[in-house]
Amino acid sequence: MGKKGKREKKGKGAEKTAAKMEKKVSRRAKKEEEDLEALIAEFQSLDAKKTQVIESSCPPPSPRLNGSLSAHPEKDELILFGGEYFNGQKTYLYNDLYVYNIRKNSWSKVEIPNPPPRRCAHQAAVVPTAGGQLWVFGGEFASPSGEQFYHYKDLWVLHLATKTWEQIKASGGPSGRSGHRMVACKRQLIIFGGFHESARDYIYYNDVYAFNLDSFTWSKLAPSGIGPTPRSGCQMATNPEGSIIIYGGYSKQRIKKDVDKGTLHTDMFLLKVEGAGKEEDKWAWSRLNPSGVKPTPRSGFSVAIGPNNRSLLFGGVHDEEEEESIEGDFFNDIYFYDLGKNRWFPGQLKGPKSEKKKRRRGRKADAEDAGGEEMEKQPPQGPVEIVKEVVSEDGTVMTIKQVISGPAEEKERSDSEEEEDGALSQQVEPCPRSNAMLAVKHGVLYVYGGMFEVGDRQFTLSDLYSIDLHKMEEWKVLVEMDPKAQEWLEESESDEEEDDKEGAEGGEEEEESSEEESEDEGEEEQHPTVQLDESHADYLSRTEQYWIKLACSNMGPNAKEKKGHVGSWNIHPALQSAKYHMLRAQA
């Protein structure tokens, strides 16, 4: 049998296996979904009591991830819908609708009768028809415990001009799923991939569906060629010619009982219409081999279409999965893909031009006053950051950042100049995160929310940042938040406490005060003393293991068992330095 025949036979076998798995998942999920349908119906009965549109100014939305952020096609507005939040014990799902006014930097909440049920991990696409339409498909609803899932297969449209929701009921669409991707391509919505999960089983998809925005009908595409393997959370973008790009994504498979292995995909495909203009479009898959610098492997990244025919990717996480633990790195970088040139490249901040010029002119004037040649011969001034990885006695890997100050005699700049330079060197940027919500309007990228993890704790964000993609000079903070002030309930807390907690905010004051007390107690401990004539750098090096153990003890019992989900702990040397100078003064 030739290679082609083997491939076809293998492909048919894979299709049969996938069909069996889908039936298996469907049977087991049916009971779970019936239980959750009752809960969804209860929420919908509450929504049905809304009889009129109410739009009111409000604070920024509560922390969330896996919602959708879309740019209004006609107004300077962003539309936030849905999402989820987990406080350590309970999962909250949302179907609220918020509008961000870009010019006023203000939020408003829009309550519209008969909205879609609460959900996350859905997809939304905007089209400019009739004053603007926001189309929403699929997503999932989770039980409060986060152990049962209901996957939607419904299609909704929000008419932006009239502020009305409408459910579109058409047969032949995709099965229930979340983590899929959807784009508006000419007069169609194209949906690819996703997954369906029950308590014990799951299945990933690589099917393609098209919804016609004129006839309101579904069709399942059958592209020729070899396409992507089943996956969720990939990048999906369209080019001006109507072709579709697929990059990356995530899937997992069971390698033995109760043990799953995840795969981060880094391959790239083109889905193109062949023989356009005929009665029925014929689609074909082909593999792409882009040039340039591809993103490092990751999942949970967010995507958007930028200016100049470029698609972009932001953030995400790279997990190292073992049988009993997960550790990984979160990202806050941007990668661009040039759809015309088939080329990847990383986004790099250039810094504000006006501040650069001022700084350059200031230094030149100082050099002339002090004598140009002497100024040039002087070594670099200011603090030097040394980053290194060390392994503690118990095997914990930690990243230590040490900031070594320059010699005192070399400091000739005024305090105001040092503060100015420090502000320039420490540019504001979003913290690393995954599952954030992105939108681009007038060439400006907006990043809202998302999450990151440290150990067993999840931090869900509600901040808002923007950056001009044309200039790539600096990030701007539009909404700030302090993740440390967020509510987090440990699993050991009683059910009574859980029942008393309503919403996704508050309940943090007692935790903060107890943390402060423990820190005050720690300050009274006997720390390593400074030896006679010992330098700052020598003290840090000699007492390194002591500070590592102190950091581990402050992080709690889980610190040794499971490394922080941000990869490794960053221990800032401020405490070490403060102790050094205090003990030095005492000596």
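Residues numbered from 1 in each chain as written. Predicted model: local features only at pLDDT ≥ 70, side-chain atom pairs only at ≥ 80, totals over all residues. Heavy atoms only, no water.

## A closer look at the overall build of the protein
Check the secondary structure of the protein and you find 10 helices and 31 strands. Here the protein, with 587 residues, has 45% of them falling under the buried criterion. Sequence separation of at least 24 residues holds for 60% of the intrachain contacts in the protein that already meet a minimum separation of 6. Surface exposure of the protein reaches about 31900 Å², of which carbon and sulfur atoms provide 47%. (Helix = DSSP H or I, 4+ residues; strand = E, 2+ residues; numbered from the N terminus. Buried < 20%, exposed > 50% of the residue type's maximum accessible area, 1.4 Å probe, protein only. Contact = heavy atoms within 4.5 Å. Areas by Shrake-Rupley, 256 points an atom, 1.4 Å probe, with all protein chains shown as cover.)

## Thoughts on the sheet that holds strand β10 (residues 155–159)
Taken together, the 4 strands give an open sheet; going across it, the order is β6-β7-β10-β11, and neighbouring strands pair in antiparallel fashion. The open sheet has two edge strands, β6 (123–127) and β11 (164–168), and neither has a second partner. Across the sheet, the axes of successive neighbouring strands diverge by a mean angle of 25°, strand direction being ignored. Here 5 bridges tie β10 to β11, and the two strands are oriented antiparallel to one another. Looking across to β11, one finds that W156 is bridged to Q167. (Pairing = 2+ DSSP bridges. Axes fitted to C-alpha atoms, helices over the stretch in contact; angles between N-to-C directions.)

## Description of the nonpolar core
A general trend in soluble globular proteins is that nonpolar side chains are found buried together. Ranked by internal contacts, the top residues of the largest apolar core, which has 16 residues, are L312, I334, L445, L469 and W475. For this core, the elements supplying multiple residues, two or more each, are β22 (310–321), β23 (326–338), β27 (437–441), β28 (444–454) and β29 (457–468). Ignoring anything within four residues of it in the chain, the contact list for W475 reads F314, I334, L349, V428, E429, P430, L445, V447, Y465, S466 and I467. (Core = buried A, V, L, I, M, F, W, Y, C linked by side-chain atoms within 4.5 Å.)

## Focus: the pattern of salt bridges
Tallying each qualifying case throughout the model produces 14 salt bridges. A salt bridge links R103 to D76, with the nearest nitrogen and oxygen atoms 2.7 Å apart. Here the residue R103 occupies a position in the loop between β4 (91–101) and β5 (106–111), and D76 occupies one in the loop between β2 (68–71) and β3 (77–86), the gap between them amounting to 27 residues. Linking D207 and R177 is a salt bridge whose minimum nitrogen-to-oxygen distance equals 2.7 Å. In this pair, D207 is assigned in strand β14 (residues 202–212) and R177 in the loop between β11 and β12 (181–185), connecting sequence segments 30 residues apart. Residue D207 shares its accessibility class with R177, and that shared class is buried. Taken together, the shared-partner salt bridges connect D201, R254 and D260 into one network. (Salt bridge = Lys/Arg side-chain N within 4 Å of Asp/Glu carboxyl O.)

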